[in-house]
Amino acid sequence: MKKKGHRPITRVKNPEPNHEDPDWVIWAAWADRITFEDIEKKTGYRESDVIKIMRKSLKPSSFRLWRKRVHQKSIKHRKKFEYSRKQITSKIKKGNYL
């Protein structure tokens, strides 16, 4: 018989490591919603430093995949993210988002 109020434990495939852990930079670089500015604010690493860390830590094919993904995503930079948000909200307000 199940207990009342028992909530299942949600397991995340890639949980967030501690901020002190060096793997946090790699985790944050892969995350779509964490910008390079946020990474610099928390760790002090600039975008070029993050690229060097990723190049050193990942396999060459994984690094190329990550670079392609970051280059195509406009949300890894704060200004591009805010600009794309404004475009989306203006399309929604106009009603021509389909």
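(A) Focus on the overall build of the chain. Counting its regular elements, the chain contains 5 helices and 0 strands. From first element to last, N terminus to C terminus, the chain shows the α and β order α-α-α-α-α. Expressed as a percentage of its 98 residues, the buried residues of the chain come to 24%. Once local pairs closer than 6 in sequence are excluded, the contacts in the chain between residues at least 24 apart make up 48%. By element, 52% of the accessible surface of the chain is carried by carbon and sulfur atoms, the whole surface being about 8700 Å².

(B) A look at the packing of aromatic side chains. The tally for this structure, following the rule as stated, stands at 2 aromatic pairs. Ring geometry for Trp 24 against Trp 27: centres 6.5 Å apart, planes inclined by 40 degrees, an arrangement best described as tilted. A residue pair is termed a helical-turn pair when its members lie 3 or 4 positions apart in one helix, as Trp 24 and Trp 27 do in helix α1 (residues 23-30) at 3 residues. Judged by its relative accessible area of 1%, Trp 24 falls in the buried class. Here Phe 63 and Trp 66 contribute two aromatic rings whose centre-to-centre distance is 6.0 Å and whose plane-to-plane angle is 40 degrees, an arrangement assigned as tilted.

(C) Representation of the nonpolar core in the model. Counting residues in hydrophobic clusters, the biggest one holds 17 residues, and the most contacted among them are Phe 36, Ile 39, Val 50, Met 54, Phe 63 and Trp 66. Of all the secondary-structure elements, those providing two or more residues to this core are α1, α2 (36-43), α3 (47-57) and α4 (60-72). Contacts of Met 54, omitting those with residues within four sequence positions, involve Ile 26, Ala 29, Trp 30, Phe 63 and Trp 66.

(D) Molecular detail of α2. The complete set of buried residues in α2 reads Phe 36, Asp 38 and Ile 39. Projected onto a plane normal to the axis of α2, the buried residues spread over an arc of 155 degrees and lie on a single side. The first or second residue beyond α2 is Gly 44, which carries a positive phi of 90 degrees.

(E) Seen up close, the environment of Arg 55. In this structure, Arg 55 sits in helix α3. Taking the C-alpha atoms as reference points, Arg 55 and Trp 66, separated by 11 residues in sequence, lie 9.7 Å from one another.

Calculation criteria
Residues numbered from 1 in each chain as written. Predicted model: local features only at pLDDT ≥ 70, side-chain atom pairs only at ≥ 80, totals over all residues. Heavy atoms only, no water. Helix = DSSP H or I, 4+ residues; strand = E, 2+ residues; numbered from the N terminus. Buried < 20%, exposed > 50% of the residue type's maximum accessible area, 1.4 Å probe, protein only. Contact = heavy atoms within 4.5 Å. Areas by Shrake-Rupley, 256 points an atom, 1.4 Å probe, with all protein chains shown as cover. Phe/Tyr/Trp six-rings, centres within 6.5 Å; stacked < 30°, edge-to-face > 60°. Core = buried A, V, L, I, M, F, W, Y, C linked by side-chain atoms within 4.5 Å. Arc of directions from axis to C-beta.

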